Amino acid sequence: MKISNAQLFDSSIAQMNLKQSNVAEMQAKLASGKQLVKPSDDAHQAALIQRLNSAMQRQDVFERSLDGADSRLATEETALMGAENLLQRIRELAIQGSNDTLNDADRNIIAKEVGHLRDSLFSLSNTQDTSGNYIFSGTAVNNPAFVLGGDGAMTYQGNQNQTSIDISETRQVAINRPGDKVFSSVARATGGGGSESIGFFKVLSDFSNALTTGNDAGLAQGLTEISALTGDIAVSLADLGGRMNTIDSQRDVLADTKLRYQNLLSNAQDLDYATAVTKLSAQILSLEAAQASFAKISQLSLFDYIR
Amino acid sequence: MVDLLSIGAGATQLYRSALTTVSNNIANMNTDGYTRQVATSEQNTPVLQGGGYIGSGAHLGNITRAFSEFNESNLRNSSSELGTQDPMIKYADRIVDVMGSDTSSLSGAFDQFFSSASSLSSDPASGALRNLFLRDADGLAIRFRELDGQLNNIEKETQSEINLKLTSLNELGKQLYTINQQLAKKTTLGEQPPNLLDERDGILRDMADIAKIHVKQNSAGTVEVRLDNENGTSVVDPLRATVFSATFDAAQPGTVGILANVYGVAGQTNSVTGGSLGGLLNFRSQVLAPTMSGLDALAVMTTTQVNAIQTTGVDANGERGTALYDADVANTGAAGFKLLQTDSSKIAAAGLLQISANAANTGGATLSHTQIAAGTATPNFTLNFTTAGGYAIGGAAVAVNANGVFAYQGINYTVTGTPANGDSFAIGLNTAGLGDNRNMLLMARLQDKETYADGRSMGEGYLDLVRTAGNTSALAKISQDALQAVKDQAVIAKDKLSGVSLDQEAAELIRFQQAFQASAQIIQTASKMFDSILGIR
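Residues numbered from 1 in each chain as written. Chains lettered and ligands numbered in written order. Predicted model: local features only at pLDDT ≥ 70, side-chain atom pairs only at ≥ 80, totals over all residues. Heavy atoms only, no water.

### Side note on the overall build of chain A
For chain A, the helix and strand inventory stands at seven helices and six strands. Listed by position from the N terminus, the elements making up chain A come as α-α-α-β-β-β-β-α-β-β-α-α-α. What you see for chain A is a C-alpha radius of gyration of 39 Å, clearly larger than the 19 Å of a compact globule of 307 residues, by over 25%. Along the three orthogonal principal directions, the C-alpha set of chain A runs to about 140 × 30 × 30 Å. Within chain A, contacts between residues separated by at least 24 positions form 66% of all contacts whose residues are at least 6 apart in sequence. (Helix = DSSP H or I, 4+ residues; strand = E, 2+ residues; numbered from the N terminus. Rg over C-alpha atoms; globule rule 2.2 N^0.38 Å. Contact = heavy atoms within 4.5 Å.)

Here's what the structure looks like:
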């Protein structure tokens, strides 16, 4: 078969161009360390990488949510532990105050201490987190949970809503406990056989009053009610502990998930250097072979032999 | 009268011409579209002398092109088919690169948006996080518009490329018409100058690169050209060259009107197939139009979904949320994807309703509601419970089913637990819920919501657009490889006959040189013979 010189040159040049571009492409991959130099190299792979990147970013978001929840719950924990200690002290004082051997002056001293403890509890009930949110106000985070009225009464002005945040695609955790559940009310029997709801701070005030007035029935009632309040704080602490456990266990899950996604992402996008370098050597070899053979073949001409 | 001298003289002339032809072949070995020429010799008419015919030498018969119409039309068709793939690959890859890159992809903007929504949901009272969310919501809108702009650029580019191709086709048609007129001056193909035929074939090849053509050659070598097949729209006929033009409809980038002005009136032609022009039309209808409409649909879907959540929530001022994105996107497409809110306090992170149990309630019942549909009016009522009358709203009894569910003013409520006599719940706008994140949680969860009818999320739907464009490009690349092999074969087949090989020409050169030398020897011999006659004394 006849091969024209133009054809010989054209096809050799095309071959060498192809091999050159293969080498250049592999070089670009090696330089970037990525399997794909641009998305159009493999649209499916590119889409997969984007999806995995999205998933990774999701996990980062969940991690930030966990961090946020952690700091919020730590604030709540500090407040609750403080409240528990204060209430414990009040309870001790209540037991002490019920003792018949005390005189009025002793009771007055106790009443003073109870008053101070109540004020401390009041300030704990209006704890704010690092962003300035009142943590015991329900969702009305911009207002203090309890306010001191003109009559000296401290009333709850938050709401009963609990805020949950997503800490995984399927898992939520509550980051607050409404203040009226922490600094809870007690049901006190009324004269008519019914009952009424008495607020946390009113219980303490009533107890303090009972101490100053020496009202024995009031003292006994105060002791019972304060025990109930202590119980509610303990429940709140248990609830908090449960939520903190959820966060800790989710951290482990998250770490595993992130590792899994990182592996998938690395498989999808990172270059296998050993294979790539081997391929590059093969491509360079084949380019050199094409160049060498072209140089030889192109020198062949019958004209060289005509004298 | 036959004599050595005239045979010798004729032969030297013949071989001089043959050598000239070989030299011409060598000289034109790199001329584009050159067809190797062959000098053919013919015997002179023998002369009857005595009892037999005596040969009277040879003369130059013709100089013909080493040419096969079959090879040539194979080459034309294969280059039409190959040319179809190139614009498809070039532009589909552009789309994939624009839509699939980390920096310009919508995926990144979606991630950012939902990530900000998620962050805001963990602290909805934070002004800083609200501003971040607003910034990323705007980022999403900007990304939508940028992508739309990129696709529009591609649309404009293909538009001008189509016009450019049609201008070339028209120009080639005119040139071919002129060549046809030149060719028509002779009656047979053999009389035509080879360079004119080469020029004709070159034009036909250029035409075939633009679109698939059907060529009919007449006896004199003039050609009639139609698009696609023998029934296609005429491109060049003996009387005229057709003028082609294109019309575009911005609303329908997939359909391009190719108009052919054959007889003075421009009419639509559908016979453009193959070639780079066919490839451009295919790209627009198979890749560009679906991608553009897919992006527009995604823009509308995103706007609808985000607004539905935003308008069924309460903002930082305790007011019901208003649309975050401009709903006019349904008319404008992704180009009109626009953020309406500029005040971060207008972001409705909180749930719409505050359900408050009366502080005096003694029962253990709680009330909740399911997700609220967009457009539902804000309810404001009190639910009362009495042992005697059951549940009632404003004195009217409410039917609560066995699961504790009842519907009121388009919202479903669920009662859990047992209420006590006289308990009540107030339901109204959630005005004091700065720390409420219910709505922002819904916004963050929108990322996984199966918003497409077939169950895909918005992010998946977007990636599918990228994948579809990538598939088309990948298929075109496979076809291109196959068709390149076909075209290479056609080139080799044509070249085998029509190409110039220096080795062949060298051999021919020697052959004709020797023949020339021998012919000269004939003259020498004749001269010697004449001298011998003259030398007789």
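### A look at the interface of chain B and chain A
Facing 58 residues of chain B, the contacting portion of chain A comprises 42 residues. Around 4,100 Å² of area is buried between chain B and chain A when both sides are counted, 49% of it from carbon and sulfur atoms. Among the residues of chain B in contact with chain A, B:Asp111, B:Arg467 and B:Lys496 are the three that bury the most area, contributing 11% of the side total. At the boundary of chain B and chain A, one finds three salt bridges. Between B:Arg445 and A:Asp166 there is a salt bridge whose closest N-O contact spans 2.7 Å. In this assembly, chain B and chain A are joined by 29 residue pairs in polar contact (both at pLDDT 80 or more). (Buried area = accessible area lost by both parts, 1.4 Å probe. Salt bridge = Lys/Arg side-chain N within 4 Å of Asp/Glu carboxyl O. Polar contact = N/O pair within 3.5 Å; in protein donor to acceptor, adjacent residues only side chain to side chain.)

### A short note on the packing of helix H2 (residues 43-97) of chain A against helix H3 (residues 106-122) of chain B
Put simply, H2(A) and H3(B) touch, their axes get as near as 10 Å, and they point 15 degrees apart. With respect to H3(B), the element H2(A) is oriented roughly parallel. Seen along the crossing, H2(A) lies across H3(B) with a hand that is right-handed. Contacts between H2(A) and H3(B) involve A:Gln50, A:Asn53, A:Ser54, A:Gln57, A:Val61, A:Arg64 and A:Ser65 on the former and, on the latter, B:Ser107, B:Asp111, B:Gln112, B:Ser115, B:Ser118 and B:Ser119. (Axes fitted to C-alpha atoms, helices over the stretch in contact; angles between N-to-C directions. Parallel < 35°, antiparallel > 145°, perpendicular 65-115°, else oblique. Left-handed = near helix turned anticlockwise from the far one by under 90°.)

### Things to note about the domain arrangement of chain A
Partitioning chain A into domains gives domain 1 (53-264) and domain 2 (273-307). A straight line from the C-alpha centre of domain 1 of chain A to that of domain 2 of chain A covers 82 Å. (Domains from an automatic or database assignment.)

### Regarding a negative patch on the surface
Taken together, A:Asp10, B:Asp32, B:Asp206 and B:Asp209 make up a surface patch of like negative charges. Among the structural elements, B:Asp206 can be located in helix H5 (residues 194-210). Of the residues examined, B:Asp206 reaches a relative accessible area of 39% and is grouped as partly exposed. (Patch = residues over 30% accessible without salt bridge, like charges linked within 9 Å, V, L, I, M, F, W, Y side chains within 5 Å. Areas by Shrake-Rupley, 256 points an atom, 1.4 Å probe, with all protein chains shown as cover. Lys, Arg positive; Asp, Glu negative; His and termini not counted. Charge placed at Lys NZ, Arg CZ, Asp CG, Glu CD. Buried < 20%, exposed > 50% of the residue type's maximum accessible area, 1.4 Å probe, protein only.)

### Digging into the side chain of B:Thr84
Residue and element names in this part refer to chain B. Structurally, Thr-84 is set in helix H2 (residues 69-100). The class for Thr-84 is buried, based on a relative accessible area of 10%. Discounting residues that sit within four places of it in the chain, Thr-84 has contacts with Gly-274, Gly-275, Ser-276, Gly-278, Gly-279 and Asn-282.

### Examining the sheet that holds strand E15 (residues 381-386) of chain B
Hydrogen bonding along the main chain pairs the strands of a sheet, whether they run parallel or antiparallel. All names here are of chain B. In spatial order, the strands read E13-E20-E15-E16-E17; together these five strands make up an open sheet with antiparallel pairing. Each end of this open sheet is capped by a strand with a single partner; those strands are strand E13 (353-357) and strand E17 (396-397). In terms of strand pairing, E15 meets strand E20 (residues 424-429) through four bridges, oriented antiparallel. By the bridge assignment for E20, Phe-381 is matched with Ile-427. (Pairing = 2+ DSSP bridges.)

### Concerning the environment of B:Ala377
Along the chain, the position of B:Ala377 falls in the loop between strand E14 (366-369) and E15. With 34 residues separating them along the chain, B:Ala377 and B:Ile411 place their C-alpha atoms 9.4 Å apart.

### Side note on the sheet that holds strand E8 (residues 243-248) of chain B
Residue and element names in this part refer to chain B. Spatial strand order, E8-E9-E10: three strands in an open sheet with antiparallel pairing. Two strands in the sheet have a free side with no partner beyond their single neighbour: E8 and strand E10 (266-269). Geometrically, the sheet is characterised by an average inter-axis angle of 35 degrees between neighbouring strands, direction not taken into account. Sheet topology places E8 next to strand E9 (residues 256-261); six bridges connect them, and they run antiparallel. Across the sheet, the residue bridging to Thr-247 is Gly-257, located in E9. Relative to the sheet, helix H4 (residues 127-183) contacts E8 and E9, its axis offset from that of E8 by approximately 170 degrees.

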